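Residues per chain are reported as follows:
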Amino acid sequence: MGHARDQRGFHSALDKLATTKLSPQTRDEGHVVRQDLAGALDKVLQCRLAVVHAGAGYGKTSLLMQWLKTLRHQGVAAAWLTLEEDEGAPSVCLAHMFAALVRLGYIDPDPLAELGNLDEKMPVKSLAAAFINILNEKTEPLVVFLDEFNRAQTEDLCALFRILMRNLPRHVHFVVASRHRPEIDLENLRARDELLEISASELRFSKAEVAAFLASSGAQVNSQELHRLTDRTEGWPIALQMARLWLSGDGEKARLVSDFSGRTTDLTRYLTEQVLSALPDDVQDFLMQTSILDRLNGDAANAVTERRDGWQMLEHLYEHDLFLIPETEDGQWYRYHTLFLDFLRDRLQRYDADVIVNLHRRAADWMAGQGLTKQAINHAQKTGDHHLAARLLSEAGNWRLIMDGHIGLIRTAIAGLPENIIRAYLPLFLAKTFLLVKDGDIYGASMYFASVDKDPNWTVQEEIDYDVVEHILLDYADQPATIADVERLKSLQLKIQKNDHVMHAILADSLAAKFYEFGLFQQSLKACEDASARYRIMRSLYGEVFIRFIIAKSHLAQGRLDEAEHILLATEQELDARFGEGIDLGAQTSVYLAEVFVERGHMADGAARLHEALPIVEQSDGWYELYAAAYSAAAAIEWSTRGAQAALTVLDQARDVARIRRLDRLSLLADCQSVYYLFLGGRLSQLSEPEIKVYGDQLAAFVVQAAGPPPHRLVGMAAACLAMIDIARGAYHDALTLLESHARTAEDSGDIRQLVLLTLLISDAHATAGHMEAAVRALDKAVRYGLFSGIRRPYLDLGRRLKPVIDVMLAGHGAVSSDRYRNNFLRDLQRDVRRTEKRQGDDGPLLTLAAVEVLRELSRGLSNKEIALELDISPNTVKFRVKSLFAKLGVSNRADAARIYRERTFSSTPSSDSAMK
C-alpha cells in the first residue's frame, strides 16, 4: 500500500509539472516557416547537440517549435522542457527531464518511483546514472528540447551536460535554446562534428521572410519600403513583430517606414523589460556611454568610458548575444544592432548634457589619435566646439586630404564650420579654396584665395602650403606655363621635407604637366615617376590616377598608342573595382580613352566613351587638358560622320565651357580646330575677310606669345592652322616656312602626333602649289613617321585633300622608291576615306561664327531683345541675322531653326547650356 501511495504521488507530481513546463506555448499568429532553418533538422538527428543562441526576440522558441512539430509528424520522439531560474541545480533539471520523457511516453514512470522523491535533495550522480541507464535501454531516436537554457545555466548544470554529452547513447540528441552561448563543451563537440550551432546571423529574417511575415497580418509595404524595413530591423524577428503591429492598418506609417526605430514605444518597452533591466548597472552604463560610437573596439570603449576593461566587456556582451555584431572577421571591431543602438542613444539623452559632450570629446581625441579623421570630426562637431573640429581637421591633413581622395570628408567638415573659424585656421582656408577649384569655380577660388594676404606670423609650413595651393590655382586657371614657373616649382620642392609625400607628389604632378605642355616628354615622365611613387606610399589611387593621365598623354603624343590605351584601360578597371561606376575619375578616364580611340580612327568606340563621360566632366572639376581631349575627340567624331558644320557646333560648346571656366587656351583651341575643319571641308575660302582676320590675328598673337623656348605644344597646332589659312589664300611659301619650322621642333621633341599632322600639311601645301614631287616626298615622310604608331586620324582627315598625291605614289611615280608597307597603308587609307565621305553626305550650309552664336541663343528660347543683351549687339543686328539664318537653313520659324541646331549639336552630348547653367 505504501509503494502504491508513493507511485500515485509521483504520478501526481509529474502531471502537475507537465501542465506548466513540458510543452511549448502555441504561437500560430503571424507564423512564418523558416524553410532554410527547417532543413537543419537533418543535421539535428546526426549530431549530439544543436545550440540555438541569440539575444532576446530572435525567434529561438518559434524555431524550436517548428522543429518539434516536424519531428513528431515524422514519428520521432521529441520531448520539450522550458527551463526556469530554479532549475540551475542539476538534480532538479534531471528530474524535470525525466518528467518530460514520461509525459512523452518515451519511458515508463514505474521504475522512476523506486528512486523516491525527484527533487534537488537527490544525489546528482544517482540521477545522472539512472537517466543514462534508462536511455541506454532504449533504441528509438530521441530529441530533447531545452528552451531558455540561459535562465537556469550554472557552472554545475553545464558540468552535468558535459557528462551527458560524453555518456548518452548516440540515438539521444539535445536541442538547446539560449540567449547566450552555453558553456557545455561546444568546441569539443564541433571537433567531432557532433555540433550544430545557429546564432543570430542565421536567425535573422531574409527579405522574402519579412515580406511573408508582414503579409500574414495584412500589413502591406512596397518593395522599396520592404527593403528599408529589412535593413533597419536587420531581420530581427521581435522588431519585425513590433513593426507589423505598428504598420498594420495605417497607410501613412507604411509610407514612413524609416520612422520605425529603437525609439518606437513598444520596442522601447520590450528592450527595457527584456534586456536592459536584467543587466547590472555598470553594464548598462557601458552600453549607454559607448552608444555614441558607430563602431567600437575595446580601446575606443576605454577611451570613451574611462574604464580599463573595455575588451572584457565587449567579450562579455558578445558571448551573451547582447546585440553586438562583429564588423571584422578578426573580432577587432564591433557595432550594436541598428535598433538597439537607437534605443541606447535615446536612453543616453537622459544623461546630463555635459556628460554627453565629454563622451564625444573623448571619442574625438581618441579617433584622431588613431588616424580615423572622419569619425573624429563627426564627434568633435557633436560637442558644438568648432575650434576642436577645426584643430583636429587641421592636424589630420587639412587640404591635403583632398589629394588623398577624401574630398567628401573635407567638404562635409568645412560645411559645418563658420567662416570666421575657417579663416582662423589657414589650412582650412586653403581647403575651402581647393574645394572651389574641385567644384569647377576657378574664378571664385582665385578671388577667395586673394582675400587673404601672407601673414608674417605664419609658420614655415603654412607659407609652403600657401605657395603650393597658389601653384595649384595657376594650373587649374590655365595660366600659360613659363620656364620661370618650372624653376619656382623646383625651388619650392627644396623647401619641403623629404617625407612630406603629399607636397612632393603635388609639385611633381605640376612639373610633369608643365613639361608635357612644353613637349619635354622625358622630363615629364620622370616627374610622373616621382609623383606616382609618392602617391603609392600614401596609398592614394586618387592622386596617382591624374599622373597616369599625363603618362598616357605623353605616350599618345609620342605615337605610343598601345601603351597609352593599356594604362587607361587598367586604370578604368581599377577604378571600377575600387569605387564602382559613375565617379568623376571614371568619366575623366573615359575622355582620355576616347581621345586614344579617335586617334586610332575608331570613332564609334570614341563616341561610346564620350556619351556618358562628357556631361559629367562638363559639370565637375575640369582643366584645360581634359576639356581639350574631350572636345577635340567629339569634334573629330562629328567631322567623320556628319561633316564640318557638326564639328563646328561641338567647338561652339567648347567655347561656352571656356567662357564659363575662364579657360583662354580652350577657346584658342576651339578657334584652331574651327580653322582645321573649315580647311578640311574646303570652306575657309567661303569665310569673309573679317572672319579670317579674327582667327588669324588670335592665332598669330598666341604663336608669338608662347613661342618659348621651349614652345608650348599648342603653338604647333596654332601654327598649323595659320598655315592652313595661308594655303587657302594661296600663300604657299609662307605656309611652308611656318610648317617646316614647327615640324623640326616636333621632331626634336619626339612629338610624333604633331609631326605627322605638320608633315601632311607640308605635303598638302606642295600639292596645292603644284609641286607634286615635293608633295610625294613629304607624304612619304608623314607615313613613315606614323606607320607603326597606331595613329590614324590625321591621315583620314587629310586623305581626301591628298588623294592626288596618294594616287601618284601608288602608281609608282614620283621621287620616292616603292614600299610595300607604305603602299598597303595608303590603299587602306583610300578605302577608309571613301567610307568617311559616304557617311558625311551633305554637310548643309556653312554658318558663320556670328550666325551660330545667334542660333545657339535662339535655341534656348531667348527673344531677339534677350539675344541682343546676351551677345552685346543691337536688336536690329539680331533681327538681320535671324532672317539670314532662316534663309540659309530653309526654315520659316524659330522652332524649326532651334530643332536644326539641336540636331547638329554633338549627338552624344547634351547642350552646354543645359549642362553648364
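Note on numbering: residues in each chain are counted from 1, in written sequence order. Under the rules for a predicted model, residues below a pLDDT of 70 receive no local features and side-chain atom pairs below 80 are neither given nor counted, while totals for whole chains, interfaces and linings still include all residues. The side-chain quantities take in all heavy atoms of the structure and omit both hydrogens and water.

Enquirer: Requested: an account of the overall build of the protein, with residues and values cited.
Expert: What the protein contains, in helices and strands, is 52 helices and seven strands. Counting only residues that meet the buried cut, the protein has 56% of its 917 residues in that class. For accessible areas, the Shrake-Rupley method is used with a probe of radius 1.4 Å. Any residue's cover is judged against the shown protein chains and nothing else. Roughly 39900 Å² of accessible area belongs to the protein as shown, and the carbon and sulfur atoms make up 49% of that amount. Numbering of helices and strands runs from the N terminus; a helix is a DSSP stretch of H or I covering at least four residues, while a strand is a stretch of E covering at least two. Three exposure classes are used, based on accessible area relative to the maximum for each residue type with a 1.4 Å probe and protein chains only: buried under 20%, partly exposed in between, and exposed over 50%.

Enquirer: Give me the packing of helix α22 (residues 373-383) against helix α23 (residues 386-396): which residues, what numbers.
Expert: Two numbers describe how α22 lies on α23: the axes approach to 8 Å, and their chain directions differ by 165°. One finds that α22 runs roughly antiparallel with respect to α23. Crossing geometry of α22 relative to α23 is assigned as right-handed. Note on element contacts: α23 touches α22 through Leu388, Ala389, Leu392, Leu393 and Ala396, opposite Thr373, Ala376, Ile377, Ala380, Gln381 and Thr383. Tallied by class, residues from the contact of α22 with α23 come to eight nonpolar, three polar and no charged. Whenever a helix is involved, its axis is fitted only over the stretch in contact; in every case the axis is a line through C-alpha atoms, and angles between N-to-C directions fall within 0 to 180 degrees. Any angle from 65 to 115 degrees is called roughly perpendicular, while one under 35 is roughly parallel, one over 145 is roughly antiparallel, and all others are oblique. Crossings are assigned a handedness: left-handed for a near helix turned anticlockwise from the far helix by less than a right angle, right-handed for a clockwise turn. Residue contacts follow a heavy-atom distance rule, with two residues in contact if any of their heavy atoms lie within 4.5 Å. For this classification, Asp, Glu, Lys and Arg are treated as charged, while Ala, Val, Leu, Ile, Met, Phe, Trp, Tyr, Cys and Pro are nonpolar and the rest, including Gly, are polar.

Enquirer: Give a detailed account of the sheet that holds strand β4 (residues 172-178), specifying residues and quantitative values.
Expert: Pairing between strands is defined by DSSP: at least two bridges between them are needed. Reading across the sheet, the five strands line up as β2-β3-β4-β1-β5 and stay open at both edges, with parallel pairing between neighbours. Of all strands in the sheet, those with a lone pairing partner are β2 (77-82) and β5 (195-198), marking the two edges. Neighbour-to-neighbour, the strand axes of the sheet open up by a mean angle of 15°, direction not taken into account. Taken together, the six bridges between β2 and strand β3 (residues 142-147) define a ladder with parallel strand orientation. Bridging across to β3, Trp80 finds its partner in Phe145. Each of β1 (49-53), β2, β3, β4 and β5 touches helix α4 (residues 60-73); the most contacted strand, β2, lies at about 155° to it.

Enquirer: So what's going on with a negative patch on the surface? Which residues, and what values?
Expert: A surface patch of like charges, here negative, comprises Glu155, Asp156, Glu183, Glu315 and Glu319. Contributing elements (two or more residues each) for the negative patch: α9 (155-167) and α19 (310-319). On the secondary structure map, Glu155 appears in helix α9. Surface patches are drawn from residues lacking salt bridges whose relative accessible area is over 30%; two like charges belong together within 9 Å, two nonpolar side chains (Val, Leu, Ile, Met, Phe, Trp, Tyr) within 5 Å. What counts as a salt bridge is simple: a side-chain nitrogen of Lys or Arg found within 4 Å of a carboxyl oxygen of Asp or Glu. Residues scored as positive are Lys and Arg, those scored as negative are Asp and Glu, and His as well as the terminal groups of each chain are ignored. Note that the charge is assigned to NZ on lysines, CZ on arginines, CG on aspartates and CD on glutamates.

Enquirer: Before we move on, can you summarise the confidence of the model for the protein with the specific residues and values?
Expert: Per-residue confidence from the predictor is reported as pLDDT, a score between 0 and 100. For the protein, per-residue confidence averages 82 on the pLDDT scale, and residues scoring 70 or more make up 86% of the total. Confidence drops under pLDDT 50 across residues 1-11; counting only partners more than four residues distant or on other chains, this segment forms eight contacts. With pLDDT under 50 throughout, residues 905-917 is counted as low confidence; its partners more than four residues away or in other chains account for 39 contacts.

Enquirer: Tell me what's going on with unusual backbone geometry, and back it up with residues and numbers.
Expert: Glycine aside, residues mostly have negative phi, and peptide bonds are mostly found in the trans state. Residue Asp185 is not a glycine yet carries a positive backbone phi of 65°. Checked against the element boundaries, Asp185 lands in the loop between β4 and α10 (186-191). For Asp185, a relative accessible area of 22% corresponds to the partly exposed category. Positive phi outside glycine occurs at Glu306, with the angle close to 60°. With respect to the helices and strands, Glu306 occurs in the loop between α18 (298-305) and α19. Exposure remark for Glu306: the relative accessible area of 60% places this residue in the exposed category.

Enquirer: Mind laying out the nonpolar core, listing which residues take part and the relevant values?
Expert: In globular proteins that are soluble, nonpolar side chains generally tend to be buried together. Joining through side-chain atoms within 4.5 Å is the link that ties buried Ala, Val, Leu, Ile, Met, Phe, Trp, Tyr and Cys residues into a set, and such a set is a nonpolar core. Judged by nonpolar contacts, the single largest core of 246 residues is most densely connected at Trp67, Phe145, Tyr336 and Trp399. Top contributing element to this core by residue count: helix α37 (residues 624-642), with 13 residues. Beyond its immediate stretch of four places on either side in the chain, Trp67 contacts Leu37, Ala38, Ala40, Leu41, Val44, Val52, Phe145, Val175, Leu196 and Ile198. Ranked by size, the runner-up nonpolar core spans 43 residues in total, among them Leu22, Leu83, Leu146 and Phe149.

Enquirer: A description of the packing of aromatic side chains should follow, citing residues and the corresponding values.
Expert: Stacked, tilted and edge-to-face pairs are distinguished by plane angle, under 30 degrees for stacked and over 60 for edge-to-face with tilted covering the rest, among Phe, Tyr and Trp rings (Trp via its six-membered ring) whose centres lie within 6.5 Å. According to the stated counting rule, one finds 21 aromatic pairs in the structure shown. Look at Phe161 and Phe174: their rings are 5.6 Å apart centre to centre, the planes differ by 85°, and that puts the pair in the edge-to-face class. Remark: Phe174 occurs in strand β4 and Phe161 occurs in helix α9; sequence separation between them is 13 residues. Arranged with centres 5.4 Å apart and planes meeting at 70°, the rings of Tyr542 and Phe546 form a pair that is edge-to-face. Of this pair, Tyr542 and Phe546 both sit in helix α33 (residues 541-557), separated by four residues, roughly a single helical turn. Given a relative accessible area of 12%, Phe546 falls into the buried group. Here the aromatic residues Tyr542, Phe546, Phe549, Tyr592 and Trp623 are joined through ring pairs into a cluster of three or more. Of note, Arg662 hangs over the ring of Tyr443, and the distance from its end group to the ring centre comes to 3.7 Å. By definition, being over a ring means that NZ of Lys or CZ of Arg is both within 6 Å of the ring centre and within 35 degrees of the ring normal.

Enquirer: Before we move on, can you summarise the pattern of salt bridges with the specific residues and values?
Expert: Under the counting rule described, the total for this entry stands at 50 salt bridges. Between Arg345 and Asp294 there is a salt bridge; the shortest N-O distance is 2.8 Å. Placement of Arg345 in helix α20 (residues 338-348) and of Asp294 in the loop between α17 (281-290) and α18 is noted, with a sequence separation of 51 residues between them. The salt bridge partner of Asp671 is Arg655, with a shortest N-O separation of 3.0 Å. Of this pair, Asp671 sits in helix α39 (residues 664-680) while Arg655 sits in helix α38 (residues 644-661); the two residues are 16 residues apart in sequence, bridging distant segments of the chain. Taken as a pair, Asp671 and Arg655 share a single burial class, namely buried. One connected set of salt bridges, linked through shared partners, spans Lys553, Glu595, Glu599, Glu625, Arg753, Arg793 and Asp797.

Enquirer: Describe in detail the environment of Asp365, supporting the description with residues and values.
Expert: Within the secondary structure layout, Asp365 lies in helix α21 (residues 353-369). On the accessibility criterion, Asp365 (39% relative accessible area) is partly exposed. Taking C-alpha positions, Asp365 is 8.3 Å from Ala380, a pair spaced 15 residues apart along the chain. Aside from chain neighbours lying at most four places away, what touches Asp365 is Leu388, Arg391 and Leu392.

Enquirer: Describe in detail α9, supporting the description with residues and values.
Expert: For a helix, the expected span equals 1.5 Å multiplied by the number of residues minus one. Across its 13 residues, α9 extends 19 Å between first and last C-alpha, which sits within 8% of the 18 Å expected from 1.5 Å per residue. Listing the buried residues of α9 in full gives Leu157, Cys158, Leu160, Phe161, Leu164 and Met165. Projected onto a plane normal to the axis of α9, the buried residues spread over an arc of 155° and lie on a single side. With respect to the buried face of α9, the exposed residues turned more than 90 degrees away are Glu155, Asp156 and Arg166. Think of the arc as the fan of directions from the helix axis to the C-beta atoms.

Enquirer: Tell me about the side chain of Arg792, residues and numbers included.
Expert: Along the chain, Arg792 falls in the loop between α44 (772-786) and α45 (793-799). The class of Arg792 is buried, set by a relative accessible area of 13%. There is a polar contact of 2.6 Å between the side chain of Arg792 and the side chain of Asp832. Leave out the neighbours within four places in its chain, and Arg792 touches Glu599, Arg600, Gly601, Phe825, Asp828, Leu829 and Asp832. In the analysis that follows, any N or O atom pair within 3.5 Å is treated as a polar contact, provided that within protein one partner can donate a hydrogen and the other can accept it, and provided that, for residues neighboring in sequence, both atoms belong to side chains.

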